[in-house]
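# Structure at a glance
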Amino acid sequence: MNAPRHIDRKGWLYALAIPHGATPLIAAVAFATTSNPLWLALPAGWLFFLLPVLDAIVGTETRSIDAATRRAWAKRGYYDAVIHLAGLAYGASFIATIVTLTVTTDLPLVFEIIYFVGAAISNAQILTLAHELGHRPDRLDRVLSTFFTGLVGYAHITSHLY
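Residues numbered from 1 in each chain as written. Predicted model: local features only at pLDDT ≥ 70, side-chain atom pairs only at ≥ 80, totals over all residues. Heavy atoms only, no water.

## With respect to helix H7 (residues 139-151)
Along its 13 residues, H7 runs 19 Å from first to last C-alpha, staying within 8% of the 18 Å computed at 1.5 Å per residue. Residues of H7 that are buried make contact with helix H4 (78-103) and helix H6 (126-134). Backbone nitrogen of Leu 140 and a side-chain oxygen of the N-cap are separated by 3.4 Å at the start of H7; the cap is Asp 138. (Helix = DSSP H or I, 4+ residues; strand = E, 2+ residues; numbered from the N terminus. Expected span 1.5 Å × (residues − 1). Contact = heavy atoms within 4.5 Å. Polar contact = N/O pair within 3.5 Å; in protein donor to acceptor, adjacent residues only side chain to side chain.)

Right, here's the structure in full:
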């Protein structure tokens, strides 16, 4: 008897990885254009408020995805595109975080701390994405893995994956 085929009704949510990775970048650009330091709370607000609320609304996926479904996803290219774009968003956010915290010197300390904490936690997630890309057989994925880990001074971690 065949197991029931997994129907992914929440797959579109994977696309949220792109704005998730870009929250420090969005905050930095919004702050640079408006000079309103409240924008710097965006990464922390997303991570500690909006994301948990969304998680509670969506709920937990309790079933594992079968191998046939994984292969079908790979053929569609949607998940690869999301992963690559999210990685680029993380990379741009990491650079924006460094620039924002380096160039902006007249901010109240509380805004610098809020932005730093939210951006640091968000940007640290690039390591998970990069590590998973390093396990893939595709050369582009491995190059992106090395680049993303290199952004945070951790490119040597990918040497065991090749």
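## Quick look at the packing of aromatic side chains
Per the counting criterion, the structure on display carries 3 aromatic pairs. Aromatic side chains Tyr 14 and Tyr 79 sit 5.0 Å apart centroid to centroid with 80° between the ring planes, which places their arrangement in the edge-to-face category. Pair noted here: Tyr 14 is in the segment before helix H1 (17-34) and Tyr 79 is in helix H4, with a separation of 65 residues, a long-range link. By relative accessible area, which is 12% here, Tyr 79 ends up buried. In textbook terms, an aromatic cluster arises when at least three aromatic residues are bridged by ring pairs, as seen for Tyr 14, Tyr 78 and Tyr 79. (Phe/Tyr/Trp six-rings, centres within 6.5 Å; stacked < 30°, edge-to-face > 60°. Buried < 20%, exposed > 50% of the residue type's maximum accessible area, 1.4 Å probe, protein only.)

## Here we look at the pattern of salt bridges
This structure, assessed with the given rule, holds 2 salt bridges. Linking Asp 80 and Arg 136 is a salt bridge whose minimum nitrogen-to-oxygen distance equals 2.6 Å. One end of the pair, Asp 80, is in helix H4; the other, Arg 136, is in the loop between H6 and H7, and 56 residues separate them in sequence. With a relative accessible area of 23%, Arg 136 lands in the partly exposed category. Of the charged contacts in the structure, one is a salt bridge between Arg 136 and Asp 141, with a shortest N-O distance of 3.4 Å. (Salt bridge = Lys/Arg side-chain N within 4 Å of Asp/Glu carboxyl O.)

## Considering the layout of surface pockets
Taken as a whole, the second largest pocket holds about 160 Å³ of empty space. Within the residue set of the lining of the second largest pocket, elements represented by two or more residues are H1, H4 and H6. Per element, the largest residue contribution to the lining of the second largest pocket is 4 residues, and it comes from H6. Each residue belonging to the lining of the second largest pocket can be placed in one class, and the counts come to 5 nonpolar, 3 polar and 2 charged. (1 Å grid on protein atoms, 1.4 Å probe; cavity = no way out; pocket = protein on both sides within 12 Å on 5 of 7 lines; lining within 4 Å. Points joined across faces, edges and corners; volume = space filled by probe spheres on them. Nonpolar A, V, L, I, M, F, W, Y, C, P; charged D, E, K, R; others polar.)

## So, the environment of Ile 95
For Ile 95, the position within the fold is in helix H4. Note on Ile 95: relative accessible area 46%, which makes it partly exposed. Placed 57 residues apart in sequence, Ile 95 and Val 152 show a C-alpha to C-alpha distance of 9.9 Å.

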